[in-house]
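Working through the structure, step by step
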Amino acid sequence: MDDYRAIEIEAANKYGATAKGTRKAIGDFLLNDDIKSPVNVKSNNILKNNYSPNIISAKRLIKWIEQDGHKLYFIFVNYESTKDGVKYIDDSGLLPFEHLSWNCLTIEAQGWGVIQMPKPLEVDKNQSKKEFLKGLRKAYEVFMDKEAKKMDEIRKMISDF
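This report concerns the structure included in the present document. (Residues numbered from 1 in each chain as written. Predicted model: local features only at pLDDT ≥ 70, side-chain atom pairs only at ≥ 80, totals over all residues. Heavy atoms only, no water.)

1. Thoughts on the side chain of Ser-101
With respect to the helices and strands, Ser-101 occurs in the loop between strand 6 (95–96) and strand 7 (106–108). Not counting chain neighbours up to four residues away, the residues in contact with Ser-101 comprise Glu-122 and Gln-127. (Helix = DSSP H or I, 4+ residues; strand = E, 2+ residues; numbered from the N terminus. Contact = heavy atoms within 4.5 Å.)

2. Section: the nonpolar core
By size, the foremost hydrophobic cluster in this structure holds 24 residues, and its most contacted members are Leu-105, Ile-107 and Ile-115. Mapped onto this core, the elements with two or more residues apiece are strand 3 (54–57), helix 2 (58–65), strand 4 (73–82) and helix 3 (129–158). Of all the elements, helix 3 adds the most residues to this core, at five residues. Apart from residues no more than four positions distant in its own chain, Ile-115 is found in contact with Pro-53, Asn-54, Ile-55, Ile-56, Ala-58, Leu-61, Trp-102, Leu-105, Thr-106, Ile-107 and Leu-136. With 14 residues, the next largest nonpolar core counts Ala-12, Ala-17, Phe-29 and Tyr-79 among its residues. (Core = buried A, V, L, I, M, F, W, Y, C linked by side-chain atoms within 4.5 Å. Buried < 20%, exposed > 50% of the residue type's maximum accessible area, 1.4 Å probe, protein only.)

3. Description of a positive patch on the surface
Residues Lys-130, Lys-134, Arg-137 and Lys-138 make up a contiguous surface patch of positive charge. Positionally, Lys-134 belongs in helix 3. (Patch = residues over 30% accessible without salt bridge, like charges linked within 9 Å, V, L, I, M, F, W, Y side chains within 5 Å. Areas by Shrake-Rupley, 256 points an atom, 1.4 Å probe, with all protein chains shown as cover. Salt bridge = Lys/Arg side-chain N within 4 Å of Asp/Glu carboxyl O. Lys, Arg positive; Asp, Glu negative; His and termini not counted. Charge placed at Lys NZ, Arg CZ, Asp CG, Glu CD.)

4. Thoughts on the sheet that holds strand 3
As summarised here, the arrangement of the three strands in space is 3-8-7, forming an open sheet in which the pairing is antiparallel. The strands lining the two open edges of the sheet, one partner per strand, are strand 3 and strand 7. Averaged over all adjacent pairs, the angle separating strand axes in this sheet is 35°, with direction ignored. Across three bridges, the pairing between strand 3 and strand 8 (residues 114–116) is antiparallel. The partner of Asn-54 across the bridge, within strand 8, is Gln-116. The sheet strands contacting helix 2 are strand 3, strand 7 and strand 8, and the helix crosses strand 3 at an angle near 55°. Lying over the sheet, helix 3 contacts strand 7 and strand 8, oriented at roughly 35° with respect to strand 7. (Pairing = 2+ DSSP bridges. Axes fitted to C-alpha atoms, helices over the stretch in contact; angles between N-to-C directions.)

5. Notes on the environment of Met-151
Within the secondary structure layout, Met-151 lies in helix 3. Exposure remark for Met-151: the relative accessible area of 41% places this residue in the partly exposed category.

6. Here's the deal with the environment of Ala-17
Within the element layout of this structure, Ala-17 appears in the loop between helix 1 (3–14) and strand 1 (29–30). Residue Ala-17 is classed as buried on the basis of its relative accessible area, which comes to 10%. Sequence separation between Ala-17 and Leu-30 is 13 residues; the distance between their C-alpha atoms is 6.7 Å. Those residues in contact with Ala-17 that lie beyond four places of it in its chain are Ala-12, Phe-29 and Leu-30.

7. Considering helix 1
Compared with the 16 Å implied by 1.5 Å per residue over 12 residues, the 17 Å span of helix 1 between its first and last C-alpha is a close match. Tucked inside the fold, the buried residues of helix 1 contact strand 1, strand 2 (38–45), strand 4 and strand 5 (85–91). At the exit of helix 1 stands Gly-16, carrying a positive phi of roughly 65°. (Expected span 1.5 Å × (residues − 1).)

What follows is the structure, given as structure tokens:
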């Protein structure tokens, strides 16, 4: 079993759930077996440098939360990988997606854009879903501007052919 799977299982057990282990699911386990309340476990090996881990596809998040009653939670787990296996250090607890602050998030180029966390986790428990989505819109505008600049550069490069 790889470290990521071990972390998912331990986090799910902590909340009385079973880790599903499917790569296509939006979450790694369901809160109270509720299909509308998946939990996405993000693991961080504290012995390594983790550069801007992928949190979730922006498009996937938007499509999920636009459906009535759908929720999404994250748990950020710190662990160490040892010769004896995984040592679960601590976790953030259950965080509703809308409590993730855009101060620690960005959107980068992968498909329709992926939300990444290039800075340490920052939580805003007072941030509403609407405020989170305003931040998402601003981050998407920054992402689209960067992509437009890349396309302009490519156009310039190939215009001489």
